[in-house]
Amino acid sequence: MFNMLGSVEDANDVFAKLTRPNVYTWNAVIAANARHGQGDLALKLYYRMLDIHGEPDDFVFVSALEACRAIGSLAETKVIHHHITRTEYETELMVTTALLETYATVGSMDDVRREFETSPKRDSITWSAAIAAYAQRGDPVEALRLYQLMVKSYVKPNNIAFMGALKACARVGTLEQGRNIHGHIKKCRLETEPLIESNLIDMYAHCRSLVDAVEVYQRSLKREMVVWNSMIAGYAMHGNLHDAVKVFEENINKVSEMNADTFIGLQKACAKQVALEQGRSFQKTSDYWDQFDKPAVGAAIMEMYAKCGGESSEICAVFDKLPKDKPLSWAALISAQAIQGDPLGAIKTFEQMQADGYKPDSLVYANVLNACTMITDVTQGRLIHEQVKQNGFENDPIVAKALIDMYSKFRDFTEARSIFDKLSNNQLGLDAIMAGLVEHGQPEAALQFFKEFQLSGSEVTNVAYISALKACSKMSSLEEGRRIHEDIKDSSFANDPYLCSALIDMYSKCGNLEDASKVFSSVKLNNATCNAMLRGYVHHGLQEEALKLFESMQFEGVYPDEASVLAALKACATSGDLGDCKRLHAYVIERDLEASAPLGRAFITQYANLAGIEEAQVHYETLPLRDVATWNTWLAVLADKDYSSAVKGLEEMVKETKPVPGTFNNLLTACITKGLVNECLELLKSMNNVHGLTPDAEQYAFFVNALDHAGRLDEAENLLVDLPLPVNFDNWASFLSSYKHHLNPEKYCLGHECALDYERASDVYSNDDLRMGAFKFHALPKAVEAWNNPGSVVIESEPEMALMRGTDLTDKIEKHKVLFKDGRRVVRRDPSSDKAKEEALCGHCERLAISFGILNTGPGTTIRVSKNLRVCADCHTVTKLMSKIEKRDIIIRDSYRIHHFNKAGECSCNDFY
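Rules used in this analysis
- Residues numbered from 1 in each chain as written.
- Predicted model: local features only at pLDDT ≥ 70, side-chain atom pairs only at ≥ 80, totals over all residues.
- Heavy atoms only, no water.
- Helix = DSSP H or I, 4+ residues; strand = E, 2+ residues; numbered from the N terminus.
- Buried < 20%, exposed > 50% of the residue type's maximum accessible area, 1.4 Å probe, protein only.
- Contact = heavy atoms within 4.5 Å.
- Areas by Shrake-Rupley, 256 points an atom, 1.4 Å probe, with all protein chains shown as cover.
- Salt bridge = Lys/Arg side-chain N within 4 Å of Asp/Glu carboxyl O.
- Phe/Tyr/Trp six-rings, centres within 6.5 Å; stacked < 30°, edge-to-face > 60°.
- Lys NZ or Arg CZ within 6 Å of the ring centre and 35° of its normal.
- Axes fitted to C-alpha atoms, helices over the stretch in contact; angles between N-to-C directions.
- Parallel < 35°, antiparallel > 145°, perpendicular 65-115°, else oblique.
- Nonpolar A, V, L, I, M, F, W, Y, C, P; charged D, E, K, R; others polar.
- Pairing = 2+ DSSP bridges.
- Right-handed = clockwise from strand over helix to strand, strands pointing away.
- Core = buried A, V, L, I, M, F, W, Y, C linked by side-chain atoms within 4.5 Å.
- UniProt positions renumbered as here; feature names shortened; annotations may be inferred.
- Expected span 1.5 Å × (residues − 1).
- Polar contact = N/O pair within 3.5 Å; in protein donor to acceptor, adjacent residues only side chain to side chain.
- Left-handed = near helix turned anticlockwise from the far one by under 90°.
- Patch = residues over 30% accessible without salt bridge, like charges linked within 9 Å, V, L, I, M, F, W, Y side chains within 5 Å.
- Lys, Arg positive; Asp, Glu negative; His and termini not counted.
- Charge placed at Lys NZ, Arg CZ, Asp CG, Glu CD.

Looking only at helices and strands, the chain features 50 helices and five strands. Of all 913 residues assigned to the chain, the portion counted as buried reaches 53%. In the chain, of all internal contacts separated by at least 6 residues, the share reaching a separation of at least 24 is 63%. Summing over all exposed atoms, the chain offers an accessible surface of approximately 41,600 Å²; the carbon and sulfur share of this is 50%.

The next subject is the environment of F664. With respect to the element layout, F664 can be found in helix α40 (residues 663–674). Linking F664 and A636, residues 28 residues apart in sequence, is a C-alpha distance of 9.5 Å. In contact with F664, other than residues within four places in its own chain, are L650, P659, L683, S686, M687, H691 and L693.

If you walk through the whole model with that rule in mind, you get 28 salt bridges. Here the salt bridges share partners, and the residues they tie into one network are E479, R482, E514, D515 and K518.

Per the counting criterion, the structure on display carries 19 aromatic pairs. Ring centres of F450 and Y465 lie 5.6 Å apart, and the angle between their planes is 65 degrees; on these two criteria the pair is classed as edge-to-face. Here F450 is found in helix α27 (residues 443–455), whereas its partner Y465 is found in helix α28 (residues 462–475), with 15 residues between them in sequence. Classification of F450 as buried rests on a relative accessible area of 0%. Judged by relative accessible area, which is 6%, Y465 ranks as buried. Three or more aromatic residues link up through ring pairs in this structure, and these residues are F248, F263 and F282. R122 extends its terminal NZ or CZ atom over the ring of W127, reaching a point 6.0 Å from the ring centre. The residue whose ring lies beneath K324 is F319, and the NZ or CZ to ring-centre distance is 4.8 Å.

Looking now at unusual backbone geometry. Here the phi dihedral of Y154 falls at roughly 60 degrees; this positive angle occurs in a residue that is not glycine. One can find Y154 in the loop between α9 (140–152) and α10 (159–172). For Y154, a relative accessible area of 79% corresponds to the exposed category. Positive phi is not limited to glycine here, since R223 has a value of about 50 degrees. Structurally, R223 is set in the loop between α13 (210–219) and α14 (225–237).

With that settled, the discussion passes to the packing of helix α12 (residues 194–206) against α14. Following both chains from N to C, one finds α12 and α14 inclined at 5 degrees, their axes separated by 8 Å at the closest point. Between α12 and α14, the angle is such that the two are roughly parallel. Residues P194, L195, E197, S198, I201, A205 and H206 of α12 lie in contact with α14, whose contacting residues are V226, V227, S230, M231, G234 and M237. Along the lines of polarity and charge, the residues of the contact of α12 with α14 split into eight nonpolar, four polar and one charged.

Once that is clear, we can look at the pairing of strand β3 (residues 863–867). Side-chain direction in a regular strand flips from residue to residue, so the side chains alternate between the two faces of the sheet. By the criterion of burial, β3 is predominantly enclosed, with four of the five residues buried. Alignment of β3 against strand β4 (residues 890–893), held across four bridges, turns out to be parallel. Considered in β4, the bridge of R864 is made with I891. The parallel pair β3 and β4, bridged by helix α50 (residues 873–886), forms a crossover whose chirality is right-handed.

Let's shift gears to the nonpolar core. I80, I181, M231, M302, I484 and W634 are the most contacted members of the largest nonpolar core, which has 245 residues in total. The residues touching I181, leaving out its near neighbours within four places in the chain, are L144, Y147, F162, A165, L166 and C169. By size, the runner-up hydrophobic cluster in this structure holds twelve residues, among which are I854, I890, C907 and C909.

Another point: the UniProt feature "repeat: PPR" (unreviewed entry) in the chain. Taking the numbering used here, the UniProt-annotated feature "repeat: PPR" (unreviewed entry) corresponds to residues 22–56, 123–157, 224–254, 326–360 and 526–560. With 77% helix and 0% strand, residues 22–56 has its two end C-alpha atoms placed 10 Å apart. Helix makes up 74% of residues 123–157 and strand makes up 0%, while its end C-alpha atoms are separated by 9 Å.

In this section: α14. The terminal C-alpha atoms of α14 lie 18 Å apart, and with 13 residues this matches the ideal 18 Å at 1.5 Å per residue to within 8%. Of all 13 residues in α14, ten are buried; the element is thus mostly enclosed. The complete set of buried residues in α14 reads M225, V227, W228, N229, S230, M231, I232, G234, Y235 and A236. As for α14, its buried residues are in contact with α12, α13, α15 (241–251) and α16 (260–273).

So, on to the side chain of E394. Within the secondary structure, E394 sits in the loop between α23 (379–390) and α24 (397–409). According to the relative accessible area criterion, E394 is buried, its value standing at 12%. In this structure the side chain of E394 is engaged in a polar contact, spanning 2.9 Å, whose partner is the side chain of H385. Separated by 3.4 Å, the side chains of E394 and K422 make a polar contact. In this view, E394 contacts H385, V388, K389, A400, L403, I419, K422 and L423; residues no more than four positions away in its chain are not counted.

Bringing the packing of α24 against helix α25 (residues 413–422) into the picture now. Direction vectors running N to C along α24 and α25 enclose 165 degrees, while the axes themselves pass 8 Å from each other. Viewed along their axes, α24 and α25 adopt a mutual orientation that is roughly antiparallel. The handedness of the crossing between α24 and α25 comes out as left-handed. Only F413, E415, A416, I419 and F420 of α25 make contact with α24, whose side of the interface consists of A400, L403, I404, Y407 and S408. Of the residues in the contact of α24 with α25, the class split is eight nonpolar, one polar and one charged.

Before going further, it helps to spend a moment on helix α4 (residues 58–71). A turn of α-helix holds 3.6 residues, and therefore any two residues three or four places apart point the same way. For α4, spanning 14 residues, the distance from its first C-alpha to its last is 21 Å, which sits close to the expected 20 Å at 1.5 Å a residue. Inspection of α4 places D58, V60, F61, V62, S63, A64, L65, A67 and C68 among the buried residues, and these make up the whole buried set. Count one or two residues on from α4 and you reach G72, which has phi positive near 70 degrees.

Here we come to the environment of I131. Looking at the secondary structure, you find I131 in helix α8 (residues 124–136). Judged by relative accessible area, which is 0%, I131 ranks as buried. Setting aside its immediate chain neighbours within four residues, I131 contacts A143, L146, Y147, M150, A161, G164 and A165.

Positive charge collects at one region of the surface, where K470, K474, K509 and K570 lie side by side. With respect to the helices and strands, the residue K470 is situated in helix α28.

Turning to the side chain of H619, a few remarks are in order. Topologically, H619 is positioned in helix α37 (residues 613–620). Residue classification places H619 among the buried positions, given a relative accessible area of 8%.

And the structure:
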């Protein structure tokens, strides 16, 4: 009623004339003053009510807390908290929510710290106020430390302390500590409180233990909205749209109104699953429940459209309906534009916001700084950084992280370190700067920084440990990784799934699969560690073990996720088993993971490699979203077929999305394989003239390769002289097989960058006129102690697969011996005699496997062989003859490309390999 009088002064006048105000009128006048910025007067009215009327109700407490937020008083908040604990409203949902919100906003962190340290009596209120404040303001490690001290001090935690500790566990990802807190909650008989249940579900979901989250939800007796909203958000976090919708449908008829959190969770689930139509449907539902124009809901809808490939006009239409005086509305639009790959548009929106008279907040600054990382020049980012300084946001946690990320991306680590040194919360800064150093090619600096931080005595977070282990992996520093592992054992993160996953990755990449297995066996099965072990098996060539682990995960109730399937697909790629690939695809369909863009791209590639382009096209046409990365994958498949198909694919792509420089690499590859020099040059020109993209050194290297394959080496040399190309071993290696047709040993000298590929270099120099050069390369491995991998192949047959190495089938080759005398000019071992050449060539494992296949399959059966090394020229020529003589299709997938030999003896690579 008072809010309808036109002004808070009128409301106060009306209230003053009341002779016997009741609890409702007291609450109304307190709320009116609090909402209109008169928090001091609202609190005076609250205390006056206590003297006159007695005990407040839950609505009065909420209004009084709103007054505390208006004046930013932590001390007054704690006093009202004391009052609440003496009433029946201590566990009331509305009151508890208001308390948490107030502790999250009132006073600075210095105020929180000072209030706690100077408190003469640290009761449950004092402890819970500090824990909640630290947990919700970006210092979860300190919140958990205080919680542990509280328990050790024999102070019984209240619901606020528990919820603060659970939020801290969710942010840090410490599953074991979260489970311990859950045990404390059970002892205090608070586990049935709705907000506690909600925070438990949220904690378990963030700690990647969805099974525990579901168990809490299913045991909930009241199933209030806050509980099932948390379950929807948990499912959304894990990309499980089907179950999120199921929870929504189970509960929608039990309530008379919905809140914003419901639709935020549903939209996030749609974004995760790239379910555009479902997201549009939920947008209409949110409009029906009058939630559409709320900034948080609108932000989730815009994010969904951006991630699901919605139109820019749809995003702008949502923005137009949101209140422009709320910074979240602008922050959401800036973020959506950046997600859509339009960083300049995001920066323009940021400038428009200021031109319209609206002030950015920390989230707006963080989002526009993230957009600045997507452009090629740091100048714009520096300008925004100056604004951040002027407006006092440089020490804000999310802004500081965005600044560190931006400067790390542009390799300005001095500036990134300067921002870190100014932060009061150095744990958050540590996470950001460690990740920046590792991700941008400075693992040594990351480890040095990590050691300095440890020596300072500050507590290290699990995220920083993970970055340090990644640095060890990049440096192949096993000893340093073991030292960090010992530190982790003494920390509270010893059983953290993400950290154990990083340990497994580190040991695996450093060549120690045994220690990786020990870490894996020491913890409870979970997705994070299982995925790391899957990657380790694949990295070490143990495809069968990887696929067995994938199957055992399902039996143990740890359902493989997107990362699990990607790792298993790599195992299929190495083994060359089409059947396993199809079984994985069936699992993806069963688990409702089809909308995953990375999985879609991976299956396109695998079907193309293992079954042919027709099977890949069937899968490609069913994908719900075709982003730039998916188009690039499809163009790579088309380019492997022929140039004209790739050009048509590019034309189709332009109708849906804008190409990026990497898109043209696939077409340039097709030009190389076909010897289309002029077309290659036209592509480079069209990049600049038609698509507004500047070719870089990589694209020019493709052009040089095209010249090289066409036998126009002089032009290639001239271009190489003029280009500042980096020393890139992959580019040099691709030249080697072409140089052998033109090479003059007196004119050309291959430098140290080719040393690691000495076998291919030996191929180049093994022509009769270049034999002395070959001897030099055969001596090179011994000099540098370089050990080559033994050649191995997998041949696919029904109903099983056979793995072979060069020594496995020496008797089989005698039954089907094919010698091509003219092909002996390319040999990898001892090129001193023709007899030695014959023996070496006949023992190549792919030739033995094909012979085995011919001997053990019926006439006309397609033979599929996968090899871990690149096929040599002689085996390529011999396979052409084999396919022609036997009238069979033979498919060889080596480490470089797919070779499809048809019955006419022709190869799909057109002899460019």
